[in-house]
Amino acid sequence: MTLNYRLDGPEQGQPLVLGPSLGTSTRLWDAQIPALARTFRVLRYDLPGHGDSPAHPFATLDDLAALVLQAAAAEGMDSFHYAGVSIGGAIGATLAARHAGRVRSLAMVCSSARFGDPEAWRERAELVRAEGTGPLLKPSAGRWFAGPPRQELLDDLAAADPGSYAACCDALARYDLRGELASITVPTLVVAGREDPATPPAHARELADGIPEATLVEIPGAAHLAPADRPERVTAALLAHLPAVPGMQVRREVLGDAHVDRAAARTTAFTQDFQDFITRYAWGEIWTRPGLDRRTRSCITLTALVARGHLDELAMHVRAALRNGLTPDEIGEVLLQSAVYCGVPAANAAFAVAQRVLAETADETP
């Protein structure tokens, strides 16, 4: 049996697999595809008996993980980045813990290491086997969306094969990865919806605490299906996390993870294209050129920001200059040089900003 899947993006792009939540289909990721498919070869799949995947017997999330590996291998994806929602995230964690060589990075969205009381899942499985998924439509709409419900995703739930849905419930009842989180060593992003009643932020914090050096992002106004509920925030978090985005690694190295994560959290549908442009053009094409080292680029950037009076950006790049190896005395020399060619008032304001930032960084040093 092969899972139904869809492919988007350039054939030469780094492979990225997207996993759905229980009761949904590949449509869950529709809003993220335009941004992700610019650089990634994206494979998004349907669970057995969901969307266009045929029903197929299985018992555990390991069985589902094996089906995902089969689909990826069919497209020549020997290893891949992975992002999944809820059960899709748990499948990704299972792959990262037990098939480490296949997963390059992991993103778990509104997911968990253990999805609550196993008996509740078995009871839901019995209900669906007896009555189908109809009784789940109204309560699922309340769990899935903090904003307006997405009818096409509720239609996916209504159309899901009851036996396959129930088998997923039984698999979730058996799933408990809490003791294996420390074995996940790939770069990991954990995304929580602050209004998610199914996997509230405490579940995400357990994942982030258990997975070495995982990054945690909490999205306000998002319930369980965050990619549909707050698509622009989820897209921004993924773009900041995935290493194949041109320039993102350099941006993080120069500006620091905390700054980039804050910028990603503030990204909206209105600013998303601009953030993507800055990452690709400034950090992916200019800061990566071999003609100047980063220390020199920092000196030039500081001078340009002084000349134009961009003091907020100047504060950010004083921190970046320290990260690029300039000493406080060298930063002072750059500002002093700028006073001659950019004007004393501009340099005076710049010295005030730099002095504040240098004092803050001194306080931050352990």
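In what follows, the accompanying structure is described. What you are looking at is a predicted structure, and each value in this text was computed from that prediction instead of being measured.

A closer look at unusual backbone geometry
Phi at Ser86 is positive, roughly 55 degrees, even though this residue is not glycine. By the secondary structure assignment, Ser86 is in the loop between strand E4 (80-85) and helix H3 (87-98). The class for Ser86 is buried, based on a relative accessible area of 7%.

Looking at the nonpolar core
A general feature of soluble globular proteins is that nonpolar side chains tend to end up buried together. Of all hydrophobic cores here, the largest spans 86 residues; its most connected members are Tyr82 and Ile91. The element that contributes the greatest number of residues to this core is helix H7 (residues 162-174), accounting for eight residues. Once residues lying within four places of it in the same chain are set aside, the contact partners of Ile91 are Tyr45, Leu47, Leu61, Leu64, Ala65, Val68 and Tyr82. Listed in part, the 15 residues of the second largest apolar core include Leu314, Leu326, Ile331 and Ala354.

Remarks on a nonpolar patch on the surface
Judged by side-chain polarity, Phe274, Phe277, Tyr281 and Ile286 come together as a nonpolar surface patch covering roughly 410 Å² of accessible area. The residue Tyr281 is located in helix H13 (residues 272-286) in this model. We classify Tyr281 as partly exposed; its relative accessible area is 43%.

Some details on the pattern of salt bridges
Taken as a whole and judged by the stated rule, the model has 21 salt bridges. With a shortest N-O distance of 3.4 Å, Asp273 and Arg38 are connected by a salt bridge. Here Arg38 lies in the loop between helix H1 (33-36) and strand E3 (40-45) and Asp273 lies in helix H13, a separation of 235 residues in the sequence. Among the residues examined, Arg38 registers a relative accessible area of 42% and is labelled partly exposed. A salt bridge links Asp176 to Arg114; the shortest N-O distance between them is 3.9 Å. Linking Asp176 in the loop between H7 and strand E6 (188-193) with Arg114 in the loop between strand E5 (103-109) and helix H4 (118-131), this pair joins segments that are 62 residues apart in sequence.

Notes on the packing of aromatic side chains
Counted according to the given criterion, the structure contains five aromatic pairs. Aromatic side chains Phe115 and Tyr175 sit 5.6 Å apart centroid to centroid with 40 degrees between the ring planes, which places their arrangement in the tilted category. One end of the pair, Phe115, is in the loop between E5 and H4; the other, Tyr175, is in the loop between H7 and E6, with 60 residues separating them in the sequence. Pairwise contacts between aromatic rings join Phe274, Phe277 and Tyr281 into one cluster.

Observations regarding the pairing of strand E7 (residues 215-219)
As judged from the five bridges shared by E6 and E7, these two strands associate in the parallel manner. The residue of E7 that forms the bridge with Val190 is Leu216. Following the chain from E6 across helix H8 (residues 201-210) to the adjacent parallel E7, one finds a crossover that is right-handed.

Looking at the packing of helix H10 (residues 231-241) against helix H12 (residues 257-266)
It is at 8 Å that the axes of H10 and H12 come closest, and there the two elements cross at 155 degrees. On the basis of the axis angle, H10 is roughly antiparallel to H12. In the crossing of H10 with H12, the sense of the turn from one axis to the other is right-handed. In this structure, H10 uses Arg233, Ala236 and Ala240 to contact H12, whose residues at the interface are Val260, Ala264, Ala265 and Arg266.

Parameters and conventions
Residues numbered from 1 in each chain as written. Predicted model: local features only at pLDDT ≥ 70, side-chain atom pairs only at ≥ 80, totals over all residues. Heavy atoms only, no water. Helix = DSSP H or I, 4+ residues; strand = E, 2+ residues; numbered from the N terminus. Buried < 20%, exposed > 50% of the residue type's maximum accessible area, 1.4 Å probe, protein only. Core = buried A, V, L, I, M, F, W, Y, C linked by side-chain atoms within 4.5 Å. Contact = heavy atoms within 4.5 Å. Patch = residues over 30% accessible without salt bridge, like charges linked within 9 Å, V, L, I, M, F, W, Y side chains within 5 Å. Areas by Shrake-Rupley, 256 points an atom, 1.4 Å probe, with all protein chains shown as cover. Salt bridge = Lys/Arg side-chain N within 4 Å of Asp/Glu carboxyl O. Phe/Tyr/Trp six-rings, centres within 6.5 Å; stacked < 30°, edge-to-face > 60°. Pairing = 2+ DSSP bridges. Right-handed = clockwise from strand over helix to strand, strands pointing away. Axes fitted to C-alpha atoms, helices over the stretch in contact; angles between N-to-C directions. Parallel < 35°, antiparallel > 145°, perpendicular 65-115°, else oblique. Left-handed = near helix turned anticlockwise from the far one by under 90°.

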